[in-house]
Amino acid sequence: MGLVRKKAGAAPSGTAAPDAQADPLADPLAALEEADASVRRDAAHGLGHAAPPGTVAALARRLETENDAGVREAILTALARIATGEAATALLPFLDREDAALRNGVLESLQQMPAEVAAPALLPLLGHADPDLRIFAVQGLGGLVHPGRADWLAAVMERDADVNVGLAAVEALAEAGSPEALSSLETLARRFPDDPFVAFAVDAARSSFQGG
C-alpha cells in the first residue's frame, strides 16, 4: 500500500484537532474583553443570569472603558439583575462622569434593583460635598418604592444648603407622588424666599397634590 499524504493542517496522530469553532462565551468573564462588541454584549447578558465569582468587578471594569452603547446597556442590565449591595456600590463611581447617557443608565439600573439594595448605596451620597452627586442621589432615591422615600426627600428640602439639590427633591417628590412631605415644601419655600424657581416648583408640586 502506498503512503497516504496527510492533509495540510491535520493534527498529528494521537492529538486532538484544535476547535476552530471554540465558543468565545465558554469563559464569559474573559469574553468581556473580546474585540467583537457582540461577543462582549452576549457575555454581559449571560453574566446577568449566571454570575460566577468576580462578575461584578469584571462588569464594572469593562464599563470603565466601554464605548459601545449596546454593550453598556447589557452591562447595566446585568448589574441590575445581579442586584446585590456589591453591584449597587460598583455603579456609584459612574455617577461622577461627564457622560450624561451613562449617568442616566446607572440611575435606571439602581432604580431597577430592589429598594432595600439600592437605597443603602445612594443614601450616603446625600452628604457628599459635591452638590451634583447629591442631586443624582435625590433622583435615584426618588425613583425607589420604599417607605422611607418621603422622609429622605423631606430631609433634603429642609436641610440641604444648595437650592438646586432642594429643587431636585421637589421634582422627585412630585414624580413619586408623596404628599406626606407637603410640609417640607413650605419649609423649602421659607428657606429660599427670594428664589423664583423655588416658588414656582413649590407651587406646582403643591397644586399636583391638591388636584390642581
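Quick caveat: nothing in here was measured; it's all calculated off a predicted structure.

Caption draft 1: Main features of the overall build of the protein. Regarding its fold elements, the protein presents 12 helices and zero strands. Element order for the protein, N to C, with α for helix and β for strand: α-α-α-α-α-α-α-α-α-α-α-α. Residues classed as buried in the protein amount to 42% of the 212 residues present. For the protein, the share of sequence-separated contacts (at least 6 apart) that also reach a separation of at least 24 residues comes to 59%.

Caption draft 2: Just the layout of surface pockets, in detail. Put simply, the largest pocket is a space of about 190 Å³. Elements represented by at least two residues in the lining of the largest pocket include exactly helix H4 (69–82) and helix H6 (100–112). By residue number, the principal contributor to the lining of the largest pocket is H6, which donates six residues. Here the residues of the lining of the largest pocket sort into four nonpolar, four polar and three charged.

Caption draft 3: Fine view of the packing of H6 against helix H8 (residues 131–142). For the pair H6 and H8, interaxial distance at closest approach is 9 Å and the crossing angle is 40°. By the angle class used here, H6 and H8 are oblique. H8 is crossed by H6, and the crossing has right-handed handedness. Contacts from Arg103, Leu107 and Gln111 in H6 reach Phe136, Gln139 and Gly140 in H8.

The rules we used
- Residues numbered from 1 in each chain as written.
- Predicted model: local features only at pLDDT ≥ 70, side-chain atom pairs only at ≥ 80, totals over all residues.
- Heavy atoms only, no water.
- Helix = DSSP H or I, 4+ residues; strand = E, 2+ residues; numbered from the N terminus.
- Buried < 20%, exposed > 50% of the residue type's maximum accessible area, 1.4 Å probe, protein only.
- Contact = heavy atoms within 4.5 Å.
- 1 Å grid on protein atoms, 1.4 Å probe; cavity = no way out; pocket = protein on both sides within 12 Å on 5 of 7 lines; lining within 4 Å.
- Points joined across faces, edges and corners; volume = space filled by probe spheres on them.
- Nonpolar A, V, L, I, M, F, W, Y, C, P; charged D, E, K, R; others polar.
- Axes fitted to C-alpha atoms, helices over the stretch in contact; angles between N-to-C directions.
- Parallel < 35°, antiparallel > 145°, perpendicular 65-115°, else oblique.
- Left-handed = near helix turned anticlockwise from the far one by under 90°.

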